[in-house]
Amino acid sequence: MKFDEAKYAEGKEVLVSVHDVHRTFWRGEEPVHALDGITLNIYRGEYICVMGPSGSGKSTFFNAVGGLDTPTSGRVFIDGVDMAQLNANELAFLRCRKIGYVFQQFNLNTTMTALENVTLPMVFAGVSSDEARARGMALLDRVNLADRWNHRPKEMSGGQMQRVAIARSLANHPSILLCDEPTGNLDLKSGKEIHWLLHDLNVKDGVTVICATHDPNMLAVSSRMVWISDGRIDNIAETANVKIEQNSLGTDEEA
Amino acid sequence: MSSPPVIREIDVRKQHRMSLRETWTLCIRGVKHRLFRSALTLAVVVLAVAFFMFLLCDSMYQRAVGKGVDAEIASSRAAQIQLTRLLTPATATSAMRHLAAAEKAGDEAALAEAASVTGLPPEEIAALAGLAAKERLYTDWFAKMPVGRRLILVKRDLGRDALRRILAEPDAFFRQLAIMVDLRVPGPRKADGLREFLAVFPDYVSRMDAFLDRWNAKVAEAGRFTSARLAAAGDPPETRWIPGAPEAETEAWRASVAALGFSFSPEDLATMRSQLRDANDEADLADRLADAAFRDAWKVKFREATDSTAEEKMGRLGDKRARELLADAFPAARLDELAANHSAKNRLSKLERALAASLGDDSALLGLSGRQLFLLAISFLVCMVGIANAMLMSITERYREIATMKCLGATDSYILSQFMMEAALQGFFGGLVGVVLGFAISTVRSALAFGGHLWAYFPAGDVALCALFSLAAGVLLAALASIQPSWSASRMAPMEAMRVE
Ligand SMILES: Nc1ncnc2c1ncn2[C@@H]1O[C@H](COP(=O)(O)OP(=O)(O)O)[C@@H](O)[C@H]1O
Ligand SMILES: [Mg+2]
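Summarised in this report is the structure supplied together with it. All of these numbers come straight from a predicted model, not from anything done at the bench. (Residues numbered from 1 in each chain as written. Chains lettered and ligands numbered in written order. Predicted model: local features only at pLDDT ≥ 70, side-chain atom pairs only at ≥ 80, totals over all residues. Heavy atoms only, no water.)

### Brief notes about the site of ligand 1
Applicable threshold: Neighbouring residues are identified by heavy atoms, a residue being near a molecule or strand if any of them is within 4 Å of it. Under the rule applied, a polar contact is a pair of N or O atoms within 3.5 Å (in protein, one hydrogen donor and one hydrogen acceptor; residues adjacent in sequence only if both atoms are side-chain atoms). Numbering of helices and strands runs from the N terminus, with a helix taken as a DSSP run of H or I at least four residues long and a strand as a DSSP run of E at least two residues long.
As a structural note, the neighbourhood of ligand 1 is formed by 14 residues, with Gly 55, Lys 58, Ser 59 and Thr 60 of chain A together with Arg 499 of chain B the closest of them. With respect to ligand 1, the backbone of Ser 56 of chain A contributes an N or O atom lying 3.3 Å from an oxygen atom. Thr 60 of chain A is positioned with one of its side-chain polar atoms (N or O) 2.5 Å from an oxygen atom of ligand 1. When residues of the shell around ligand 1 are traced back to their parent elements, those giving at least two are strand 1 (14-27), strand 2 (30-43) and helix 2 (58-65) of chain A together with helix 23 (494-499) of chain B.

Structure follows, in structure tokens:
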């Protein structure tokens, strides 16, 4: 069944708009087109999964949307703001308050406790330490780790670390949560916990989630799926219209 | 697909600017975990600072002990110096040196004495002393100059003769001087200063001659008093008469000499009496030890196969057999004193020789010689490179952390200041350890070399200054060395930094 953008967009507000984005790396003389003309609208409140095999350009897409990298050509708008127009300081502001990032390797600060990690973005935003503490504890409670607030990353399991990372990404009430293979380093059970947590955040808190993954379990919670291969969009589908079967999903256009 | 949306009003504002306090709080939160992980950087800082501290402390110790020993030696020769001054006519050179030294040390008493002896007004004495200091400066310069250059500039002349030669042909001299670009004329205004001095030189020489005439007239008068006393006492040399004569008699002599204007207080006389007594006894003891009959008696008493030297005998004066042999001339307590005196003098003269170089140039920076300064500069450079390299490594190691912080909203300037603060902290703690290490090494070394003299003249204030300087050097070096790597790390796009493993 063909994806009907016009119908899908009805009553929805565009939050992220990616317009003909190219990103070319140079491996010596030879160009690598990691993104090769991607155009995509992401709507507020959506949970979108970006699928694709390893090396297809998911992380590059993630970087372009999150303002972590500058595309070779094309434009990215977030909330109507052209990312290319922002200077370093404004980008820092954007990353601090509009976007939350969740990485495959968690990227927690190993010398800080869970609470300190969660409140770090608040410190960058200039939130007073009392308020940051209160909000940090609330966020840790949200991911069921309130009792672990004083633990350091090396005293926690992978699933717990990823939950701390998610709490951290929510620190300044972002409207977008960008996740690059959030369950890639986790066992099945912890992965499930993470994707239900993301689902919850999407449904209850209205956070827009953009998730690069090739974990089929994550698909069940998303509202839309995008398949990428070789830096191009292969296919788009509403989850409601896709029958999810383990191991049968991928880029082989059977959806 | 839809076209890009219309650009809305940009509600993106400036990111919060972190205050130094906020940065500091964040920085020290992790630092106790990181400080010792970056052991390499720390070790380099420790070594660098220890080396500075060692060099600085070492030269401070040498100077302090050198000055102390010099003063000790001067006071142990006070009697001899005073007698010579009172009883032998001054020469042009000795008068010049005396006035120049008084000028340099700000010795008001010596200048006042010169005025009261010669009867010249104090202003004239002060002016002469200033000029004498200049004469000393330039004549010393000729004396220390490499011989080849001196031969070209002033032929074989030295001292005043050299100045007279220049005055005879000033153009030739200054032409040659201009050719020797690296030869620097000492004193203020360099060559111009020398020219100014030469202009007043003939006048100065005639004033100095007048000074000398007046001074030596008084010396001759003092000599008359002294020889009258000596004749009355049966004409022993003054070194025998002064300690031997009744105090009232020597006091009368002192008073008549002091009345001429010389500074010669009753305390000076007391010191003179006791020093001369010691010197006489030492001389008598030395004569005794060198006497052939005594040496034979010693040989028998000590069952020596070969004759021991006088020096070896001095070392054994505490022995009961030695005391028995000398009992007729010296009581045991006096022998102990003489032996102690002798070994103290030996130690002093040994130290004096060892420290001869350290007192060379007062004007050098922090009392360091040119060679030491060069070493210091080189080590500064090497440490800079070492610390920069260590910093680069420790920052590259943390690219992922930096990228993550940027994703969480850290600004470039925050990252730069956090990393520089961390480096400065490392510099501080490494510096503390280095200061203690350098201090310990140089103190142990100097204590071994100088013994009690180090504690007697311990330059505590200077050492504290050295410690502060070394510590500041450590902090500064570390912070400077981290500027470049932190700067480039802070400017990197998070995505690039994230990829570096
Ligand atoms: N910084 C880079 N330099 C060179 N090539 C890169 C760089 N980043 C990504 N690539 C290449 O771009 C392609 C897409 O990579 P990536 O976006 O990481 O894929 P995915 O996340 O889907 O596995 C790959 O072929 C990868 O080798
Ligand atoms: Mg990837």
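### Focus on the packing of helix 4 (residues 114-125) of chain A against helix 5 (residues 129-142) of chain A
Residue and element names in this part refer to chain A. We apply this condition: For helices, the axis comes from a line fit to the C-alpha atoms of the stretch in contact; other axes are also lines fit to C-alpha atoms, and the angle between any two N-to-C directions lies between 0 and 180 degrees. Relative orientations are named as follows: roughly parallel for angles under 35 degrees, roughly antiparallel for angles over 145 degrees, roughly perpendicular for angles from 65 to 115 degrees, and oblique for any other angle. The crossing is said to be left-handed when, going from far helix to near helix, the turn is anticlockwise and less than a right angle, and right-handed when the turn is clockwise. Note on contacts: a residue pair is in contact if any heavy atoms of the two residues lie within 4.5 Å. Polarity classes work like this: nonpolar for Ala, Val, Leu, Ile, Met, Phe, Trp, Tyr, Cys and Pro, charged for Asp, Glu, Lys and Arg, and polar for all others, with Gly in that last group.
Relative orientation of the contacting elements helix 4 and helix 5 amounts to 120°, with a least axis distance of 9 Å. The pairing of helix 4 with helix 5 is recorded here as oblique in orientation. In the crossing of helix 4 with helix 5, the sense of the turn from one axis to the other is right-handed. Between helix 4, through Ala 114, Leu 115, Val 118, Thr 119 and Met 122, and helix 5, the contact on the second element is made entirely by Ala 132, Arg 133, Arg 135, Gly 136, Met 137, Leu 139 and Leu 140. Its residues assigned to classes, the contact of helix 4 with helix 5 shows 8 nonpolar, 2 polar and 2 charged.

### Some details on the layout of surface pockets
Quick note on the threshold: The way it works is a 1 Å grid over only the protein atoms, where trapped points that fit a 1.4 Å probe form a cavity and open points with protein on both sides within 12 Å along at least five of seven lines form a pocket, and then any residue with an atom within 4 Å of a point lines it. Grid points are joined across faces, edges and corners, and a volume is the space filled by probe spheres set on the points.
Estimates place the volume of the second largest pocket at around 810 Å³. If you trace the second largest pocket, you find 25 residues lining it, with Ser 59, Thr 60, Asn 63 and Asp 180 of chain A together with Arg 499 of chain B closest to the centre. Sort the elements by how many residues they give to the lining of the second largest pocket and helix 2 of chain A lands first, with 5 residues. By residue class, the composition of the lining of the second largest pocket is 9 nonpolar, 9 polar and 7 charged.

### Some words on the interface of chain A and chain B
Rules: The term buried area denotes the loss of accessible surface (1.4 Å probe radius) that occurs when two parts are joined, taken as the sum for both partners. Note on definitions: salt bridges are taken to be side-chain nitrogens of Lys or Arg within 4 Å of carboxyl oxygens of Asp or Glu.
The interface of chain A with chain B comprises 44 residues on the first partner and 37 residues on the second. In terms of surface lost to chain B, no three residues of chain A exceed Phe 93, Thr 111 and Phe 124 of chain A, which account for 18% of the buried area on that side. Counting the contacts that link chain A with chain B gives 0 salt bridges. Scanning the region where chain A abuts chain B turns up 4 residue pairs in polar contact (both at pLDDT 80 or more). When contributions to the side of chain A that touches chain B are tallied by element, the ones reaching two or more residues are strand 1, strand 2, strand 5 (81-82), helix 3 (88-97) and helix 4 of chain A. With 9 residues, the single largest contributor to the side of chain A that touches chain B is helix 3 of chain A.

### What about unusual backbone geometry?
Residue and element names in this part refer to chain B. This is how the line gets drawn: For every residue, the accessible area obtained with a 1.4 Å probe (protein chains only) is divided by the maximum for its type, and the residue is called buried under 20%, exposed over 50%, and partly exposed between those limits.
Phi is positive for Lys 155, close to 55°, though the residue is something other than glycine. With respect to the secondary-structure elements, Lys 155 resides in the loop between helix 7 (147-154) and helix 8 (159-168). Among the residues examined, Lys 155 registers a relative accessible area of 43% and is labelled partly exposed.

### Some details on the sheet that holds strand 7 (residues 176-180) of chain A
Residue and element names in this part refer to chain A. Note the cut-off: In this scheme, strands are said to pair when DSSP sees at least two bridges between them.
Taking strand neighbours across the sheet as the criterion, the 6 strands line up as 6-7-8-3-9-10 in an open arrangement whose pairing is mixed. Among the strands making up the open sheet, the edge pair consists of strand 6 (99-102) and strand 10 (232-238). This sheet shows a mean twist of 15° between the axes of neighbouring strands, independent of strand direction. Together, strand 3 (47-51), strand 6, strand 7 and strand 8 (208-212) form the strand contacts of helix 2, whose direction differs from that of strand 7 by roughly 155°.

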